Amino acid sequence: MRVLLLGSGGREHALAWKISQSSQLDKLYIAPGNAGTKEHGTNVNLNITDFPAMKEFVLEHKINMVVVGPEDPLVEGIYDFFVNDSELANVPVIGPSKAAAQLEGSKDFAKQFMMRHNIPTAKYATFTKNTLKEGYDFLDSMKAPYVLKADGLAAGKGVLIIDDVKEAKKELKSMLSDGKFGKAGKQVVIEQFLKGIELSMFVITDGDSYKILPEAKDYKRIGEGDTGLNTGGMGAVSPVPFADNTFKDKIENQIIIPTVKGLKAEGLVYKGFIFFGLIQVKGEPYVIEYNCRMGDPETEVVIPRLKSDILDLFEGVASNTLSERDIQFDDRSAATIMMVSGGYPEEYQKGKVIYGLNAINGSLVFHAGTLADGPTVLSAGGRVLAVTSLGKTLDLALEKSYGNIQNIEFENAFYRKDIGKDVLV
Ligand code: AMP
Ligand code: GLY
């Protein structure tokens, strides 16, 4: 099989690493990829939302499957572009249709979907510029803290959690009337604040059946003890010790099954990963958000725990035979620690030489934001490297990653020293 993988982060390096181990792989291209992905295939300089350019590449290189890492191409309709083009229709895209990708692309769409299918989530209402006044009244009727969400994609920055009602009204107005977050903020979802502990669940589906992947917990804040600004994710662990079988059963029955069935019942074509961002409140699971792709850095702990051939699963997705495919997981725990550029998630410098990548023993280093300059690897993003380890226990996995990370250096590098500490049992 000749595969084109889209994306350039740690998630895509982990996927490229796994795809490259498949017995069914003939050739892997990654667009645009990074210094890590090029060890597993050929990086190609394609804009991943330029679908006509992608078509040309796919035909020229006889690609048999497109695997989509990030949400943008999905929300912009890459699935539909392929299905509706007679020359591309036989090249499966692993990902949802444009309509189904609205689960991530519109928070209001996701909320309405959950309401229709009785999927547990925070109470909410949606407002526009024309209903700003009703939005203020709604805020007055709620208790602090106030959760405001820009409806559309806002690169992870569209959720505001505010203690003061006056401040919340000001932010609501700046989103709806003053264009904060641009188009993404034309509608705002205001929802009840849920207090609990978060985790992420992942499913792969062909639209009929599904397979549940290992769960993970992501650490979103820049600072230790979950303080400071939100980031793309500073580390992750899998499994998540507090997610016992009873809790996971509830997630499957109350959330996963109604989601997969609901998509099918509504004719929302979905052939890819579903990411459930969940929160546990008094032992019960609630959906905080859906994403139409895998998580990053969650992929860097979930995929190393997958023992099965990932292209076999993708073929099952493409041909609607996922239920016949076998899926096996590694029982060991996985931990990943993200090394980021100094200053991230605010302004940071790129182009720093990374030393020590050859001094790693027993961990996997997934590149998140790197660039190859001949044999030299340079930092090229806020999140730079994810250092993943497997261990008999989570403690051992963490110890291995924290041991190896000390051998890697670049100017002003930073990483959190407390990943996984809150869930160790
Ligand atoms: P999202 O972009 O929807 O994942 O939201 C970003 C983060 O905001 C989540 O990971 C949660 O930590 C927090 N959050 C979102 N919605 C709620 C809610 N209803 N209650 C409490 N925290 C929330
Ligand atoms: N780590 C969260 C995300 O990928 O959205």
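On a predicted model such as this, the values are computed, not experimentally measured, just so you know.

Quick look at the site of ligand 1 now. Neighbouring ligand 1 are 14 residues, the closest being Glu191, Gln192, Leu194, Glu198 and Glu289. Contact distances for ligand 1 include 2.9 Å between a nitrogen atom and a backbone N or O atom of glutamine 192. Across the complex, the protein chains shield 88% of the 470 Å² of accessible surface that ligand 1 would expose by itself. Where the shell around ligand 1 is concerned, the elements lending two or more residues are β7 (146–150), β8 (159–162) and β17 (284–291).

Checked against the element boundaries, aspartate 206 lands in the loop between β10 (197–205) and β11 (210–212). A distance of 3.1 Å separates the side chain of aspartate 206 from the backbone nitrogen of leucine 322, its partner in a polar contact. Leaving out residues up to four positions away in the same chain, aspartate 206 has contacts with Tyr270, Lys271, Gly316, Val317, Asn320, Thr321, Leu322 and Ser323.

A few words now on helix α6 (residues 107–116). Along an α-helix, residues three or four apart share an orientation, since each turn contains 3.6 residues. Of all the residues in α6, the buried ones are Lys107, Asp108, Ala110, Lys111, Phe113 and Met114. Directly after α6, the chain includes asparagine 118, whose backbone phi takes a positive value near 55°.

This next bit is on the site of ligand 2. Every residue lining ligand 2 is accounted for by Asp218, Gly232, Phe275, Asn291, Arg293, Gly295, Asp296, Pro297 and Glu298. Within the side chain of arginine 293, an N or O atom sits 3.0 Å from an oxygen atom of ligand 2. Take aspartate 296: an N or O atom from its main chain is 2.9 Å from an oxygen atom of ligand 2. Here ligand 2 has 200 Å² of accessible area as a free molecule, and 88% of this is covered by the chains.

Spatially, the five strands line up as an open sheet ordered β12-β15-β18-β22-β19, and their pairing is antiparallel. Each edge of the sheet is formed by a strand with only one pairing partner; in this case those strands are β12 (217–218) and β19 (364–367). Note that strand β18 (residues 333–340) and strand β22 (residues 383–391) share eight bridges and pair antiparallel. Within the sheet, the bridge partner assigned to methionine 338 lies in β22 and is alanine 386. Relative to β18, helix α12 (residues 394–405) is tilted by about 30°, and along the sheet it contacts β15 (235–238), β18 and β22.

Before going further, it helps to examine the pattern of salt bridges. Inspection of every chain in the model, using the stated rule, returns 26 salt bridges. One salt bridge connects glutamate 104 with arginine 293, and the closest N-O pair in it is separated by 3.2 Å. Of this pair, glutamate 104 sits in helix α5 (residues 102–105) while arginine 293 sits in the loop between β17 and α10 (299–302); the two residues are 189 residues apart in sequence, bridging distant segments of the chain. Side by side, glutamate 104 and arginine 293 carry an identical accessibility label, which is buried. Taking the shortest distance from any N to any O, the salt bridge between lysine 264 and aspartate 208 comes out at 2.4 Å. Residue lysine 264 is found in helix α9 (residues 245–265), and its partner aspartate 208 is found in the loop between β10 and β11; the two are separated by 56 residues along the sequence. Aspartate 208 gets classed as partly exposed once you look at its relative accessible area, which sits at 41%. Because the salt bridges share partners, they merge into one network encompassing Lys55, Asp85 and Glu87.

Our focus in this paragraph is a nonpolar patch on the surface. A cluster of nonpolar residues, Val159, Ile161 and Phe193, forms a patch on the protein surface that exposes about 250 Å² of accessible area. Residue position: phenylalanine 193 is located in the loop between β9 (187–191) and β10. Taking relative accessible area as the criterion, phenylalanine 193 reaches 35% and is therefore assigned partly exposed.

For glutamine 280, the position within the fold is in strand β16 (residues 270–281). Along the primary structure glutamine 280 and serine 323 are separated by 43 residues, whereas in three dimensions their C-alpha atoms are 29 Å apart. Setting aside residues no more than four positions away along its own chain, glutamine 280 makes contact with Lys195, Gly196, Ile197, Phe242 and Phe247.

Turning to the packing of aromatic side chains, a few remarks are in order. Tallying each qualifying case throughout the model produces twelve aromatic pairs. Look at phenylalanine 51 and phenylalanine 81: their rings are 5.5 Å apart centre to centre, the planes differ by 50°, and that puts the pair in the tilted class. Pair noted here: phenylalanine 51 is in helix α2 (residues 51–60) and phenylalanine 81 is in helix α4 (residues 78–83), with a separation of 30 residues, a long-range link. For phenylalanine 51, a relative accessible area of 8% gives the class buried. Between phenylalanine 113 and tyrosine 290 the ring centres are 6.2 Å apart and the planes differ by 80°, which places this aromatic pair in the edge-to-face class. Residue phenylalanine 113 is found in helix α6, and its partner tyrosine 290 is found in strand β17; the two are separated by 177 residues along the sequence.

For the rest of this paragraph, the subject is the packing of helix α7 (residues 132–140) against helix α8 (residues 165–176). For the pair α7 and α8, interaxial distance at closest approach is 10 Å and the crossing angle is 155°. It follows from the interaxial angle that α7 and α8 lie roughly antiparallel. Handedness of the α7/α8 crossing: right-handed. Residue-level contacts link Leu132, Gly135, Tyr136, Leu139 and Asp140 of α7 to Val165, Ala168, Lys169, Leu172, Lys173 and Leu176 of α8. Class assignment for the residues of the contact of α7 with α8 results in seven nonpolar, one polar and three charged.

Glancing now at the environment of tyrosine 29. Turning to its location among the elements, tyrosine 29 is positioned in strand β2 (residues 27–32). Looking at tyrosine 29, the relative accessible area reads 8%, which means it is buried. Residues tyrosine 29 and leucine 5, 24 residues apart in the sequence, show an inter-C-alpha distance of 6.2 Å. In contact with tyrosine 29, not counting residues within four places along its chain, are Arg2, Val3, Leu4, Leu5, Thr42, Val44, Phe57, His61 and Ile63.

The rules behind the values
Residues numbered from 1 in each chain as written. Chains lettered and ligands numbered in written order. Predicted model: local features only at pLDDT ≥ 70, side-chain atom pairs only at ≥ 80, totals over all residues. Heavy atoms only, no water. Near = heavy atom within 4 Å. Polar contact = N/O pair within 3.5 Å; in protein donor to acceptor, adjacent residues only side chain to side chain. Areas by Shrake-Rupley, 256 points an atom, 1.4 Å probe, with all protein chains shown as cover. Helix = DSSP H or I, 4+ residues; strand = E, 2+ residues; numbered from the N terminus. Contact = heavy atoms within 4.5 Å. Buried < 20%, exposed > 50% of the residue type's maximum accessible area, 1.4 Å probe, protein only. Pairing = 2+ DSSP bridges. Axes fitted to C-alpha atoms, helices over the stretch in contact; angles between N-to-C directions. Salt bridge = Lys/Arg side-chain N within 4 Å of Asp/Glu carboxyl O. Patch = residues over 30% accessible without salt bridge, like charges linked within 9 Å, V, L, I, M, F, W, Y side chains within 5 Å. Phe/Tyr/Trp six-rings, centres within 6.5 Å; stacked < 30°, edge-to-face > 60°. Parallel < 35°, antiparallel > 145°, perpendicular 65-115°, else oblique. Left-handed = near helix turned anticlockwise from the far one by under 90°. Nonpolar A, V, L, I, M, F, W, Y, C, P; charged D, E, K, R; others polar.

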